[in-house]
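# Architecture and fold: a report
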Amino acid sequence: MSVNPAIIPCLAYRDAHAAIDFLCEAFGFSRNMIYESGDKARIEHAELTLDGNMIMVGSVSSRIGEALAMVTPAETGGKVTASIYVVLPDPDAHHARAVHAGAAIISPPTDRNYGGRSYEARDLEGNVWSFGSYDPFEIFIDV
């Protein structure tokens, strides 16, 4: 079996069911695979896709969430140690979708001095997401 290298962000949520609904409605993700606990109280593992890219989501109280000591921004006083940047063609249209779904906007769509246009939002549990048209791979220099 050949494995293609990939970087896939993994996020834990207190209410992973609600988070999945929000990520799909507000940010345009699609459900690829969802594994719930036997009593359906927790998401043990979920895969959400957006334009051929993927994130994995689970409940903080899942076996993996507990083993990795994952917490949500609510448990850190709203602080985050990482954010997710998503390249997309139309940040303004995406922003309108996110606003309509109730996303907490940190900064509206803005032209960036390094190129492109982007905005930032928090999901329903406080994770920070950036969505923009700047694609760093367009100027990627392989050293």
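Residues numbered from 1 in each chain as written. Predicted model: local features only at pLDDT ≥ 70, side-chain atom pairs only at ≥ 80, totals over all residues. Heavy atoms only, no water.

## Focus: the nonpolar core
In this structure, Tyr13, Leu23, Phe27, Phe29, Leu48, Val57 and Trp129 are the most contacted members of the largest nonpolar core, which totals 27 residues. Within the residue set of this core, elements represented by two or more residues are strand E1 (10-13), helix H1 (16-27), strand E3 (43-50), strand E4 (53-59), strand E5 (84-87), strand E7 (117-122) and strand E8 (128-132). Ranked by residues supplied to this core, first place goes to H1 with eight residues. Apart from the residues lying within four places of it in its own chain, the contact partners of Phe27 are Phe22, Leu50, His94, Arg97, Ala98, Ala103, Tyr119, Ala121, Asp123, Trp129 and Phe131. (Core = buried A, V, L, I, M, F, W, Y, C linked by side-chain atoms within 4.5 Å. Buried < 20%, exposed > 50% of the residue type's maximum accessible area, 1.4 Å probe, protein only. Helix = DSSP H or I, 4+ residues; strand = E, 2+ residues; numbered from the N terminus. Contact = heavy atoms within 4.5 Å.)

## A look at the pattern of salt bridges
Summed over the entire model, instances satisfying the criterion amount to seven salt bridges. Two residues, Arg14 and Glu125, come together in a salt bridge whose shortest N-O distance is 3.7 Å. In this pair, Arg14 sits in the loop between E1 and H1 while Glu125 sits in the loop between E7 and E8, placing the two residues 111 residues apart along the sequence. Of the residues examined, Glu125 reaches a relative accessible area of 7% and is grouped as buried. (Salt bridge = Lys/Arg side-chain N within 4 Å of Asp/Glu carboxyl O.)

## Comments concerning the environment of Cys10
Structurally, the position occupied by Cys10 is in strand E1. Look at Cys10 and you get partly exposed, because its relative accessible area is 42%. Residues Cys10 and Arg97, 87 residues apart in the sequence, show an inter-C-alpha distance of 23 Å. If near-sequence neighbours (up to four positions away) are discounted, Cys10 is found in contact with Met56 and Met70.

## Let's talk about the packing of aromatic side chains
The description of an aromatic ring pair rests on the distance of the ring centres and on the angle between the ring planes. Taken as a whole and assessed by the stated rule, the structure comprises seven aromatic pairs. Aromatic side chains Phe29 and Trp129 sit 5.7 Å apart centroid to centroid with 65 degrees between the ring planes, which places their arrangement in the edge-to-face category. With a gap of 100 residues between them, Phe29 in the loop between H1 and strand E2 (30-36) and Trp129 in strand E8 connect regions that are remote in the sequence. When sorted by exposure, Phe29 lands in the same class as Trp129, which is buried. Measuring from centroid to centroid gives 5.4 Å for Tyr119 and Phe131, while their planes differ by 25 degrees, and the two rings are stacked. Of this pair, Tyr119 sits in strand E7 while Phe131 is found in strand E8, placing the two residues twelve residues apart along the sequence. Three or more aromatic residues joined by ring pairs form one cluster here, namely Phe22, Phe27, Phe29, Tyr119, Trp129 and Phe131. (Phe/Tyr/Trp six-rings, centres within 6.5 Å; stacked < 30°, edge-to-face > 60°.)

## With respect to the pairing of E5
Every second residue of E5 is oriented toward a common face, the buried set being Ile84 and Val86 and the non-buried set Tyr85 and Val87. The sheet contact formed by E5 and E8 spans four bridges and is parallel. Across the sheet, Val87 pairs through a bridge with Gly132, a residue of E8. (Pairing = 2+ DSSP bridges.)

## Considering the packing of H1 against helix H3 (residues 91-100)
H3 packs onto H1 with a crossing angle of 135 degrees between their chain directions and a minimal axis gap of 7 Å. What the angle tells us is that H1 and H3 run oblique. Mapping the contact onto sequence places Cys24, Glu25, Ala26 and Phe27 in H1 and His94, Arg97 and Ala98 in H3. Of the residues in the contact of H1 with H3, the class split is four nonpolar, one polar and two charged. (Axes fitted to C-alpha atoms, helices over the stretch in contact; angles between N-to-C directions. Parallel < 35°, antiparallel > 145°, perpendicular 65-115°, else oblique. Nonpolar A, V, L, I, M, F, W, Y, C, P; charged D, E, K, R; others polar.)

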